[in-house]
Each structure stands twice: as structure tokens, then as C-alpha cells.
Amino acid sequence: MAIKLGVNIDHIATIREARKIREPDPVAAAILAEIAGCHGITAHLREDRRHIQERDVRLLRGVVTTHLNMEMAPTPEMVQLAIDIQPDMVTLVPENREEVTTEGGLNVAARIDDLSKSIASFKNNDIAVSVFIDPDTDQVKAAKKAGADFAEFHTGRFANAFDMGASADVEREFAALQDMTVLARKYGLRVNAGHGLNYRNVGYIASIEGIEELNIGHSIIGRAALVGIDRAVKEMLDAIRRAEH
Ligand code: PXP
């Protein structure tokens, strides 16, 4: 299965919001990333609106021709907004106001009932639902029980271990991601992965049979600041292709 690349364009908005002006526009970045060959665009509308704004997601809905994945916290306000905007998919993530980025997976197991209701309203509105979870048996089971279509595995622990050169931890985290991919697929869930993936570590995750899509933001946008979006996206696609079966 050819792994798809979803480009998270939040950090173009982070640069814009540093000045609170109109540039650079994440919508322009999304168009360029699509022209470079990515398979989807991801944007996280945070409750504090620190980078992506509502206007961005509405415009993205109008211009994205591949696949629009809206990341959001599962709050009543955000659920209503997403149903109004109609992305192709929502990815439910935990949100802490002080965090620099999404720090861990959503604890689906702890709130199956209320998540099931939100997930059902998305599905009634033809929006696919992914839950961003840690590679953990209980969370996979809960994702299935809550009615999600996809589990996106948080690869942050793997990426941190890789960065520190901690080979035993890398092996453990890699094995967890592999095993949980097998389990999720056994339950009929489709599998995506992301967080902390970069040009050096992406090959490992792209080699896992059964993962459909990788969502990558910081490393692509960081590289794009130096070499341009077109090259940054194409180099990531090459790194993924080299690792595939
Ligand atoms: N997937 C999800 C659900 C995320 O919340 C994020 C971070 O916004 C990413 C993927 C991308 O992570 P990174 O910016 O580290 O590539």
C-alpha cells in the first residue's frame, strides 16, 4: 500500500500570527504543498486560535482538492464548527492550553460515551473520524468502541527516542507502533500516524505495513523556510517512498 503524506500547514500560520498580519498565508502554503504532490492537508484549529484561524479552515475547505483533515479538540463548540465547515475528516486530539504542541494521545478509553456521541454526529454528516491516540491496547479498543474510522498513532515517543539515539527505546516504541497497527486493523480500524516525524526518522514508520497516511508538519515547514515548500514536500515524499515495501 503506498503511504500517503498529509502536510500540516499550522506553522505557516504560526509565522503569520507572530505579526498578526496577513502573510504568510497557510492557504497559499496548502496549494503549493498539493502542487508538490502531497495527498492531503491538515490544519489544527486550536481553541486558543494561536495559529490557524476559522477563516483559514473555511478557505482551505474551498481550495483543497486532495483531502482536508481538520484537527480539533472534541469540545461541543468545535464539533459544531467542524460540521459547519465540512472537512473530509476530523482528527480528535487532546488540547492543553499551555502545551507547545500536542503532547500525548487522546484518552479515548476514559471518555468513550461522550466521544461516541461526537463521533456519531460527524458520521451522520459524512465526515470521517480519526482519533489521535498513543499506541496502546486499551486506546485501540476504545477507539473501535467509540466508532472511529481511523486511529492516528502518536509517534512522539518514538521520535524523541530516535533523536536521543536511545536504541532500546527506539526498538520498544517501534514495536509498539507495529503491534498496535496490527491490532487496530484486526478491529477494522484504518491507521494513520504522526508527530515528530522528520526526514531522518520517517523511513522507520513508513516501513510499517498497514499504515495508510503520515501527517507531518514541523519538519516539512521548517525545511520549507530554507528550501521552499515544493522541495521540502518532494523530499519527504522521496524519503517515504524509499522505505516502502
Ligand atoms: N498529527 C497530529 C494529530 C498532530 O496534532 C500533529 C501536531 O499538530 C501532527 C500530526 C504533526 O506533528 P509535527 O508537527 O511534529 O510533524
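It should be noted that the structure appears before, not after, this text.
Since the structure is predicted, the reported quantities are computational estimates derived from the model, not experimental observations. (Residues numbered from 1 in each chain as written. Predicted model: local features only at pLDDT ≥ 70, side-chain atom pairs only at ≥ 80, totals over all residues. Heavy atoms only, no water.)

Student: It is not clear to me how the pattern of salt bridges should be interpreted in this structure. Could you clarify?
Tutor: It is possible for side chains of opposite charge to pair when their charged atoms get near one another. Per the counting criterion, the structure on display carries 19 salt bridges. Note that Arg 61 is salt-bridged to Asp 88, the shortest N-O span being 3.4 Å. In this pair, Arg 61 is assigned in helix α3 (residues 54–63) and Asp 88 in the loop between α4 (76–85) and β4 (89–92), connecting sequence segments 27 residues apart. By relative accessible area, which is 22% here, Arg 61 ends up partly exposed. A relative accessible area of 30% means that Asp 88 is categorised as partly exposed. (Salt bridge = Lys/Arg side-chain N within 4 Å of Asp/Glu carboxyl O. Helix = DSSP H or I, 4+ residues; strand = E, 2+ residues; numbered from the N terminus. Buried < 20%, exposed > 50% of the residue type's maximum accessible area, 1.4 Å probe, protein only.)

Student: Can you help me understand the packing of aromatic side chains in this one?
Tutor: By convention here, two paired aromatic rings are described through the distance between centres and the angle between planes. The final tally for this structure, using the stated rule, is 5 aromatic pairs. Relative to Phe 174, the ring of Phe 158 lies with its centre 6.4 Å away and its plane at 45°, an arrangement referred to as tilted. In this pair, Phe 158 is assigned in helix α7 (residues 156–163) and Phe 174 in helix α8 (residues 167–186), connecting sequence segments 16 residues apart. Across the pair, exposure class does not vary: Phe 158 and Phe 174 are buried alike. Between Phe 158 and Tyr 204, the aromatic rings sit 6.0 Å apart at their centres with planes inclined by 50°, giving tilted as the arrangement. On the criterion of sequence distance, the pair formed by Phe 158 in helix α7 and Tyr 204 in helix α9 (residues 202–206) is long-range, its members being 46 residues apart. Note on Tyr 204: relative accessible area 41%, which makes it partly exposed. Grouped by ring-pair contacts, the aromatic residues Phe 158, Phe 162, Phe 174 and Tyr 204 constitute a single cluster. Against the face of Tyr 199 rests Arg 223, its NZ or CZ located 4.4 Å from the ring centre. (Phe/Tyr/Trp six-rings, centres within 6.5 Å; stacked < 30°, edge-to-face > 60°. Lys NZ or Arg CZ within 6 Å of the ring centre and 35° of its normal.)

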